[in-house]
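These are the residues of each chain, in order.
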Amino acid sequence: MISKRVSEMLRSRVSYPLAREYDVRVVGAINLASNESPYGPSPRVLRALKREAARVGSYPDPRATELRQATGNYIGVETKCVAIGNGSDELVDLACKAFLNPGERALIPLPTFAMYELACRVNGGVPKFFKLPNFEWRMAELKRALKGTKLAFIGRPNNPTGNGMGLRDLRGLLASGKLIIVDEAYAEFAGYSVAKLATRTGNLLVLRTFSKAFGLAGLRVGYAVGNPKLIEALEGIRAPFNVNRLAQAAAFAALQDKRYMRRVVARVRQGRTYMRRELTKLGFLVLPSDSNFLMVDVSPLGLNASEICDFLAERKIFVRDLSNFRCAGPDYIRITVGTPQQNERLVKVIKQLNEVVR
Ligand SMILES: Cc1ncc(COP(=O)(O)O)c(C=O)c1O
């Protein structure tokens, strides 16, 4: 009954490495495991959701016309250069459907977001993994790794390493003529983007989301930006009502309150600086990050990732164990930047741990 492809994926246990089943509803629990915004969406979004709730008896706009226009304005590109998806997850999948023939290879630098591999495989593509040396982006090696592939997924900044490939290096990859899919889920925190460049480039597709800086993870809205030919392909194969009515209204309202988003980004950046400094003082190796999370090597404390995650979870703080991320190894965790109070609580609990193990 099940296709060969899916049977093979199930057999080899290729699936999204779900975060551990933490009960984040526990009173006082702090979830720093999912790279969500600790501030949630703008109050304007909540008002728009209330209004739109009365209309859920009718289908949503299948073209997401208003949201597409508003998103184009936000990025500074024409509407025809934007496609809206059910989270950028859906756009990763649609991109594989649209641009990868069965048996063709997709370059996936590691460690990275698991959806690239999953979408590639489920659509009949073959991942070509490339381990980032020292978690760094080195163009010459990546360019060599591009050989024999049809496209590449580049997280910029990348999850979980938090760093982004330099623009010159990215241009170097684009010169190969292969399709480069740049995932900018965390672009607002990074302050850099190639979304505009994508509209003028035949082989660059940029993916963005409302899940992170705009705080709409639960509603599932993402978008792709690219030249109209690529966008037309994505638009042509998506399901007609892929983005629901509430999600469209919420994302539209979020774009009407960019001040709120900028305040969130400024606070998260401050929190990131604080966390990195404090964790470094405690002896951890913390990778520099342009995102709303930090990748942390916990081995200097003589512990592995699972042990520290357990210790924190017992104290109701949930962070991401990266042991089940390809190529991250057993020593790394990823911590989402929270509110100042959450960050301080995390640092305090780790100080207690530090005293126990030293
Ligand atoms: C790099 C990256 N891309 C995409 C996503 C998913 O975004 P969305 O919620 O829009 O599907 C995530 C979520 O964690 C991510 O880390």
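Shown above is the structure to which this text applies.
Quick caveat: nothing in here was measured; it's all calculated off a predicted structure. (Residues numbered from 1 in each chain as written. Predicted model: local features only at pLDDT ≥ 70, side-chain atom pairs only at ≥ 80, totals over all residues. Heavy atoms only, no water.)

## Some remarks on the site of the ligand
Which entries qualify depends on this criterion: We call a residue near a molecule or strand when any one of its heavy atoms sits within 4 Å of it. Think of a polar contact as two N or O atoms within 3.5 Å of one another; within protein, one of them needs to be a possible hydrogen donor and the other a possible acceptor, and neighboring residues in sequence only count if both atoms come from side chains. In short, Shrake-Rupley with a 1.4 Å probe defines the accessible areas, and a residue's cover is counted only from the protein chains shown. Here a strand is any run of E in DSSP of at least two residues, a helix any run of H or I of at least four, and the numbering for each starts at the N terminus.
In the neighbourhood of the ligand, 13 residues make up the surrounding shell, with Ser 88, Asp 183, Tyr 186, Thr 209 and Ser 211 lying closest. The contact in question runs from an oxygen atom of the ligand to an N or O atom on the side chain of Ser 211, over 2.6 Å. Within the side chain of Arg 220, one N or O atom sits 2.7 Å away from an oxygen atom of the ligand. Protein burial of the ligand: of its 390 Å² of free accessible surface, 93% is covered by the chains. Of the residues forming the shell around the ligand, the biggest block, three residues, is contributed by helix 4 (residues 87-99).

## Focus on the packing of aromatic side chains
The following threshold applies: In this analysis, rings of Phe, Tyr and Trp, with Trp reduced to its six-membered ring, are considered paired at centre separations within 6.5 Å, and the interplanar angle assigns stacked below 30 degrees, edge-to-face beyond 60, and tilted for intermediate values. A simple rule labels every residue: compare its accessible area, found with a 1.4 Å probe on the protein chains alone, to the largest value its type can have, and call it buried under 20%, exposed over 50%, or partly exposed in between.
Enumeration over the complete set of coordinates arrives at eight aromatic pairs. Between Phe 135 and Tyr 332, the ring centres sit 5.1 Å apart and the planes meet at 85°, which makes this aromatic pair edge-to-face. Note that Phe 135 is positioned in the loop between strand 4 (126-131) and helix 6 (139-145) and Tyr 332 in strand 12 (residues 332-336), a separation of 197 residues in sequence. As far as the burial class goes, Phe 135 and Tyr 332 line up, both buried. Judged by centre distance (5.2 Å) and plane angle (45°), the rings of Phe 210 and Phe 214 are tilted. Within the aromatic cluster, the residues linked to one another by ring pairs are Tyr 74, Phe 210, Phe 214 and Tyr 223.

## Some thoughts on the pattern of salt bridges
The condition is simple: Salt bridges, as used here, are contacts in which a Lys or Arg side-chain nitrogen is within 4 Å of a carboxyl oxygen on Asp or Glu.
Tallied over the entire structure, the rule returns 18 salt bridges. For Lys 97, the salt bridge goes to Asp 93, with nearest N and O atoms at 2.7 Å. Of this pair, Lys 97 and Asp 93 are both found in helix 4, four residues apart, which corresponds to roughly one turn of the helix. Overall, the relative accessible area of 44% leaves Lys 97 in the partly exposed class. Connected through shared salt-bridge partners, Glu 52, Arg 55 and Arg 245 make up one network.

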